[in-house]
Amino acid sequence: LTPDGRLPDADKGTSKETAAHLREIFGRMGFDDRELVALAGAHALGRCHKEASGYVGPWSPTPTTFNNAYFTLLLNLEWTGTDAKGKFQYKDPSDKLMMLPSDIALIEDPKLK
């Protein structure tokens, strides 16, 4: 959570609580569920850095290209929870990619999926 509280915490303990938190934060900015999910697609770019957030790794194998890989991987790979690299996050079978608990909440909440 940023010091000014504008960005969401990536993990509120359960997918249900995390999804509710995402709705609360982005709802204050006027985003509905569909827009929240579209905004999450920005995770196609970049990666997490342990020293900045406590999370480690890229969301996709093409972190410098804006494409649909984030959503394709989120929906089609098996994600396993782990805290081996720092904060609790999810890893793909190759252990090269990661998803935040807030990413997994998008596919576990029926209204967001």
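Being a predicted model, the structure only gives us computed values, none of them experimental.

## Brief notes about the sheet that holds strand β3 (residues 80-82)
Pairing within the open sheet is antiparallel, and its three strands lie in the order β3-β4-β5. Only two strands of the sheet have a single neighbouring strand rather than two, namely β3 and β5 (98-99). Bridge count between strand β4 (residues 89-91) and β5: two bridges; the pairing is antiparallel. Along β5, the bridge assignment pairs K91 with M98.

## With respect to the side chain of Q89
Tracing the chain through its elements places Q89 in strand β4. A polar atom in the side chain of Q89 sits 2.9 Å from the backbone oxygen of V56. What Q89 contacts, discounting residues up to four positions off in sequence, is Y55, V56, T80, G81, T82, M98, M99 and P101.

## Notes on helix α1 (residues 15-28)
Here α1 contains 14 residues, and its C-alpha end-to-end distance of 20 Å stays within 8% of the 20 Å for a straight helix at 1.5 Å per residue. Of all the residues in α1, the buried ones are S15, T18, A19, H21, L22, I25 and F26. Buried residues of α1 fall within an arc of 160° about the axis and therefore sit on the same side. Of the exposed residues in α1, those oriented more than 90 degrees away from the buried face are K16 and R28.

## Describing the packing of aromatic side chains
Using the criterion set out here, one finds three aromatic pairs in the structure. Their ring planes at 65° and their centres at 5.0 Å tell us that Y70 and F71 sit as a pair that is edge-to-face. Residue classification places Y70 among the buried residues on the basis of a relative accessible area of 1%. We classify F71 as partly exposed; its relative accessible area is 23%. Judged by centre distance (5.1 Å) and plane angle (80°), the rings of F88 and Y90 are edge-to-face. What makes Y90 buried here is its relative accessible area of 15%.

## Re the nonpolar core
Core analysis: the largest hydrophobic core is formed by 25 residues, its most contacted members being W59, Y70, W79, M99, L100 and L106. Taken together, the elements giving at least two residues each to this core come down to α1, α2 (33-40), α4 (69-76), β5 and α5 (101-108).

Reading the values: the criteria
Residues numbered from 1 in each chain as written. Predicted model: local features only at pLDDT ≥ 70, side-chain atom pairs only at ≥ 80, totals over all residues. Heavy atoms only, no water. Pairing = 2+ DSSP bridges. Helix = DSSP H or I, 4+ residues; strand = E, 2+ residues; numbered from the N terminus. Polar contact = N/O pair within 3.5 Å; in protein donor to acceptor, adjacent residues only side chain to side chain. Contact = heavy atoms within 4.5 Å. Expected span 1.5 Å × (residues − 1). Buried < 20%, exposed > 50% of the residue type's maximum accessible area, 1.4 Å probe, protein only. Arc of directions from axis to C-beta. Phe/Tyr/Trp six-rings, centres within 6.5 Å; stacked < 30°, edge-to-face > 60°. Core = buried A, V, L, I, M, F, W, Y, C linked by side-chain atoms within 4.5 Å.

It is worth stressing that arrangement in space is one thing and function is another; only the former is reported here.
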